[in-house]
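The lines below spell out each chain.
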Amino acid sequence: MQPLDAMAGLRLAIGPAILAAIFIAHWIYFRARRASDGQQVILLDELVNQPTLLSSPGVSFDAQSRSLIVATLPPRPIVIGFDRTSHRSSDPFHVGDETVGGVLICADDLVCEGVSRFLGAVKVGGDLIVTGDASFAAAVIVNGVLKIEGTAHFAEGVLAKKETFVAGGITIGSKDGAGWASLGELILGERLGLNGDIVASRAVQLKRGAR
Amino acid sequence: MTNLLIQLGFMLIFAINALVTLIFLVRQITFSVVGVAHPRVNLFSKAKLSNWPTVTILVAAHNEEKVLSGCLEHLVKLDYPSDAYNVIVVNDRSVDGTAAILDAAAARSNGRIEAIHRVPGSTPGKPAALADAFARVTSELVVFFDADYLPHPPLLKKLVAPFIDPEVAATMGRVVPYNTQTNLLTRLLDLERRGGYAIDQAVRAAWNLLPQFGGTVGGVRMAALAEVGGWSADTLAEDTDLTYRLFAKGYTVEYIDDAMCYEESPANWHVRYKQIRRWACGHNQCLFRYFRSTLTTPHQTLTRRLDASLVLLFFLFPSLSLIGLGAAMVYPTLYAFPPFNFAVISAFSFVVAFGNFSPYFQIVAALVRDRQPSAVAMLPLIFLSSAISMMASTDGLVRALWGAMSNRHLQWDKTVRFRKEGDLAAA
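Starting from 1, residues in each chain are numbered consecutively following that chain's sequence as written. A letter from A marks each chain and a number from 1 marks each ligand, given out in the order of writing. Since the coordinates come from a predicted model, pLDDT governs what is reported: local features require at least 70, and pairs of side-chain atoms require 80 or more to be given and counted, while whole-chain, interface and lining totals use all residues. Values reported for side chains reflect all heavy atoms of the structure, with hydrogen atoms and water molecules removed beforehand.

S.K.: Whenever I open this one, the overall build of chain B confuses me. Can you help?
M.R.: Secondary structure assignment for chain B yields 14 helices and 7 strands. Only C-alpha atoms enter the radius of gyration, while the globule expectation follows 2.2 Å times N to the 0.38, with N the number of residues. In terms of C-alpha radius of gyration, chain B reaches 22 Å, essentially the compact-globule figure of 22 Å for 427 residues. Principal-axis analysis of the C-alpha atoms gives chain B an extent of 80 × 45 × 45 Å. Put simply, chain B has 427 residues, and 58% of those count as buried. In chain B, the proportion of contacts linking residues at least 24 apart, taken out of those at least 6 apart, comes to 83%. Accessible surface, chain B as shown: approximately 16800 Å² in total, 64% of it carbon and sulfur. Secondary structure elements follow DSSP: runs of H or I no shorter than four residues count as helices, runs of E no shorter than two count as strands, and numbering proceeds from the N terminus. Relative accessible area decides the class of each residue, using a 1.4 Å probe on protein chains only: under 20% of the type maximum gives buried, over 50% gives exposed, and in between gives partly exposed. Any pair of residues with heavy atoms lying within 4.5 Å of one another is described as a contacting pair. Throughout, the Shrake-Rupley method with a 1.4 Å probe supplies accessible areas, and for residues the shown protein chains are the sole cover considered.

Right under this line is the structure:
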């Protein structure tokens, strides 16, 4: 049997030697840097940005409504027969003069064109566009933009992850209870009826002629 | 002819590896860039509900005497209507002081904490333990915490608020290790956690994709759970299993970035290996079961379906990388190095090597977002935990395949705890 060739032995040893050198170098690096690696335990809530808050503490809903136009519940609209189970729509969904019972989930846009009432929670995957008179009895969640060119009444609350443009009128809450609005950004025209809080995580702009 | 087939086989391995790596690389870099810019405020946290739903908090405890009392002390002090939440703790056949600690805490809690003691011989594992607890749940929601977690008072409302969205069937908060400074492993795990939560989960939520329900620091809507067949105890990744069953039915998971809770990271490499192996095994079980339904469900958009399917491949990717590396080492020993082979190997090596750095981008982005950029000093060492994860993931994949072929129940490996007196000071 021939003895192992020295060069072959050296070649076999190179790979493990390189790996060992890499590990040793990293170990030295770790020992040198661990005292000042800057790695700290995250303190809870310290990184949360403080959003802008509008609220109406101590102001009655009626007092506000004297100076502002407030959307009122429309007269008895046509019921189109949605039942109490959830209804899903994957296309832009247009609602005219009708009442929608139960939960409504729209993967795309929801457009309210007439006098509409929504009795259950509403989830809109796209934009919510109100060109008529719309009232929402339960929570409304909008993944896209909330655009109100007519009037919208959110009796419980509304959450809009992107911008909210109000060129018409928006009412949060009701005489029976405070509501809430949690918005990405609010660009408000003239008319706001508020019983509760509006929180906007980025900016609140109060101006005429919003888009 | 045989030679040609073998070469084609190698080319196929290289091509699949490079393609998958490239897809993940593009995804991770895109997420990293977007994640840095994404604001941290979760709008659901700002919703002021007038009627908070009823909640049952579930905790499974197996030999948790070192950590359980801290968890229970925090659970009874949550900022939530006191008549709207209760706690059920399952003592899962513990042989240490867990049972005594639990009974004492329940006695002091004025009925808020309910104890369940599972008898020896019960089906082992957290999913099976929680299945026993579900029989006693009557609330609208359940929220899960592990026994080593330390939830702060505002946390429960943050986890519950997103359920005002009718599409949300589960919520997930952010897990923050508190023992980051213990040793090298805990430092590396902290980096990995940051990348996974602060960037990957957050961007999935921001882009309306599918965040993962992690089985802890999260809640589930009971009505949705019933709709998808209830709690499953025959999987090692009950959280992933539930996520994809809900997804197929049209529901989603909401990730709340500012709903943070401290946890204890494994401080031992062997424990970490077993943890990754269990995750990989369970995750791949879900891959086998739900990949097709995830891609084809009519209740979700195409983008959501594609990303959710990609996430199912997460624990397959390390094994593919390992196979590709092995093939790249074997191929030159079988075939000479004409320019074509050299070009193929070089291109493959570049793509895979660069692609394997994709988690690094997320970690760096997370450190920037967390305002701790100097912690990047530990990043060059992340390859150590990546190497362990690669081996453990492959081990887990093999076990998942074996379990699928043999139809056997796979064993749950308990994560060992390391907390000592004084460790709670950081929390």
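After that view of the structure, there is still more to cover.
S.K.: Got a minute to help me understand the sheet that holds strand β1 (residues 55-61) of chain B in this structure?
M.R.: Strands pair in a sheet through their backbones, by hydrogen bonds, and they do so in one of two ways: parallel or antiparallel. Residues and elements named next belong to chain B. With mixed pairing, the 7 strands of this open sheet are ordered in space as β3-β2-β1-β4-β6-β5-β7. Each edge of the open sheet is held by one strand with a lone partner, namely β3 (113-118) and β7 (252-263). Across this sheet, the average inter-strand angle for adjacent strands is 20°, counted without regard to direction. Between any two strands, pairing holds if DSSP finds at least two bridges. Relative to strand β6 (residues 218-221), strand β4 (residues 141-146) runs antiparallel, the two sharing 4 bridges. Bridging from a neighbouring strand, Val143 pairs with Gly219 of β6. Every axis corresponds to a line fitted to the C-alpha atoms, with the helix fit spanning only the stretch in contact, and the corresponding angles, defined between N-to-C directions, vary from 0 to 180 degrees.

S.K.: Please clarify how the pairing of strand β15 (residues 169-172) of chain A should be interpreted in this entry.
M.R.: Here is the key point about a regular strand: its side chains alternate between the two faces of the sheet. Residues and elements named next belong to chain A. A two-sided burial pattern is seen for β15, the buried positions comprising Gly169 and Thr171 on one face and Ile170 and Ile172 on the other. Here strand β13 (residues 151-154) runs beside β15; their pairing, made up of 4 bridges, is parallel. Its bridge partner being in β15, Phe154 is matched across the sheet by Ile172.

S.K.: What's the story with helix α8 (residues 238-248) of chain B in this structure? I'm lost.
M.R.: Because an α-helix packs 3.6 residues into every turn, residues spaced three or four apart end up facing the same way. All names here are of chain B. Within α8, 10 of the 11 residues are buried, which leaves it mostly tucked inside the rest of the structure. Listed in full, the buried residues belonging to α8 are Glu238, Asp239, Thr240, Asp241, Leu242, Thr243, Tyr244, Arg245, Leu246 and Phe247. Once α8 ends, the next one or two residues include Gly250, with phi positive near 100°.

S.K.: For this particular structure, what's the right way to read the environment of Ala32(A)?
M.R.: Residue and element names in this part refer to chain A. Structurally, the position occupied by Ala32 is in helix α1 (residues 6-33). For Ala32, a relative accessible area of 56% puts it in the exposed group. Here the alpha-carbon distance between Ala32 and Ile129, two residues 97 residues apart in the chain, equals 59 Å.

S.K.: In this structure, what is going on with the pattern of salt bridges? I would like to understand it.
M.R.: Note on pairing: side chains with opposite charge can pair once their charged atoms come close. All names here are of chain B. Counted as salt bridges are all cases of a side-chain nitrogen of Lys or Arg within 4 Å of a carboxyl oxygen of Asp or Glu. The tally for this structure, following the rule as stated, stands at 24 salt bridges over all chains. Across the pair Asp307 and Arg27 runs a salt bridge whose closest N-O atoms are separated by 2.8 Å. Of the two residues, Asp307 is situated in helix α10 (residues 302-312) and Arg27 in helix α1 (residues 2-37); the sequence distance between them amounts to 280 residues. Asp307 gets classed as buried once you look at its relative accessible area, which sits at 9%. Relative accessible area serves as the criterion here: at 6%, Arg27 is assigned to the buried category. The salt bridge partner of Arg399 is Asp395, with a shortest N-O separation of 3.3 Å.

S.K.: Would you take a moment to explain a nonpolar patch on the surface for this structure?
M.R.: Residues form patches when they are more than 30% accessible in relative terms and have no salt bridge. Like charges link within 9 Å. Nonpolar side chains (Val, Leu, Ile, Met, Phe, Trp, Tyr) link within 5 Å. Side chains of Met7(A), Leu10(A), Ile14(A), Ile18(A), Leu19(A), Ile22(A) and Phe23(A) sit close together on the surface and give an oily, nonpolar patch of about 660 Å² of accessible area. For Ile14(A), a relative accessible area of 43% corresponds to the partly exposed category.

S.K.: Help me understand the pairing of β4(B) in this model?
M.R.: Residue and element names in this part refer to chain B. Burial within β4 is extensive, with 6 of its 6 residues counted as buried. On β4, burial covers both faces: Leu141, Val143 and Phe145 on one face and Val142, Phe144 and Asp146 on the other are all buried. In this sheet, β4 lies alongside β1 in parallel orientation, the contact comprising 6 bridges. The residue of β4 that forms the bridge with Leu58 is Phe144.

S.K.: Which parts of the structure should I look at to understand the packing of aromatic side chains?
M.R.: Two aromatic rings, taken as a pair, are described by how far apart their centres are and by the angle between their planes. Residue and element names in this part refer to chain B. The pairing test for Phe, Tyr and Trp rings, Trp by its six-membered ring, is centres within 6.5 Å, and the orientation test on the planes gives stacked under 30 degrees, edge-to-face over 60, and tilted for anything in between. Overall, the coordinates contain 17 aromatic pairs over all chains when judged by the stated rule. Judged by centre distance (6.0 Å) and plane angle (90°), the rings of Tyr80 and Tyr85 are edge-to-face. There is no split in this pair, since Tyr80 and Tyr85 are both buried. In textbook terms, an aromatic cluster arises when at least three aromatic residues are bridged by ring pairs, as seen for Phe134, Phe144, Phe213 and Trp231. In this arrangement the basic side chain of Arg27 is found over the ring face of Phe31, its NZ or CZ atom lying 4.2 Å from the centre. Two conditions define a charge sitting above a ring: the NZ of Lys or the CZ of Arg must be within 6 Å of the ring centre, and it must be within 35 degrees of the ring normal.

S.K.: What am I meant to see in the packing of helix α6 (residues 184-206) of chain B against helix α14 (residues 382-406) of chain B here?
M.R.: Between two packed helices, the angle of one axis relative to the other and the distance separating the axes together describe the packing. Residue and element names in this part refer to chain B. Relative orientation of the contacting elements α6 and α14 amounts to 85°, with a least axis distance of 9 Å. What the angle tells us is that α6 and α14 run roughly perpendicular. Between α6 and α14, the residues in contact are Leu184, Leu188, Leu191 and Glu192 and Ile382, Leu384 and Ser385, respectively. Just so you know the grouping, Ala, Val, Leu, Ile, Met, Phe, Trp, Tyr, Cys and Pro go in nonpolar, Asp, Glu, Lys and Arg go in charged, and all remaining residues, Gly too, go in polar. For the contact of α6 with α14, the residue count by class is 5 nonpolar, 1 polar and 1 charged. Angle categories: roughly parallel below 35 degrees, roughly antiparallel above 145, roughly perpendicular from 65 to 115, and oblique for all the rest.

S.K.: Is there a simple way to think about the nonpolar core in this case?
M.R.: Looking at soluble globular proteins, one finds that nonpolar side chains tend to be buried together. Residues belong to one nonpolar core when they are buried, are Ala, Val, Leu, Ile, Met, Phe, Trp, Tyr or Cys, and are joined through side-chain atoms within 4.5 Å. Counting residues in hydrophobic clusters, the biggest one holds 85 residues, and the most contacted among them are Ile57(B), Phe134(B) and Phe145(B). It is β1(B) that provides the largest number of residues to this core, a total of 6 residues. With near-sequence residues (within four places) excluded, Ile57(B) lies in contact with Leu75(B), Leu78(B), Tyr85(B), Asn86(B), Val87(B), Ile88(B), Val143(B), Phe145(B) and Leu156(B). Counting 31 residues, the second-largest nonpolar core is a separate cluster that includes Phe136(A), Val142(A), Val158(A) and Ala181(A).

S.K.: Can you help me understand the environment of Pro92(A) in this one?
M.R.: Residue and element names in this part refer to chain A. Tracing the chain through its elements places Pro92 in the loop between β2 (87-89) and β3 (93-95). Residue class for Pro92 comes out partly exposed when judged on its relative accessible area of 43%. Between the alpha carbons of Pro92 and Ala107 there is a distance of 7.9 Å; along the sequence they are 15 residues apart. Residues within four places of Pro92 in sequence aside, it is in contact with Asp108 and Asp109.

S.K.: I'm lost on the packing of helix α9 (residues 269-296) of chain B against α14(B) in this one. Help?
M.R.: Residue and element names in this part refer to chain B. With their axes 7 Å apart at the nearest point, α9 and α14 run at an angle of 45° to one another. Between α9 and α14, the interaxial angle falls into the category oblique. Regarding α9 and α14, the two cross each other, and that crossing is right-handed. Looking at the contact of α9 with α14 residue by residue, the class counts come to 14 nonpolar, 6 polar and 3 charged. Take the far helix as the reference: if the near one is turned anticlockwise from it by less than a right angle, the crossing is left-handed, and if turned clockwise, right-handed.

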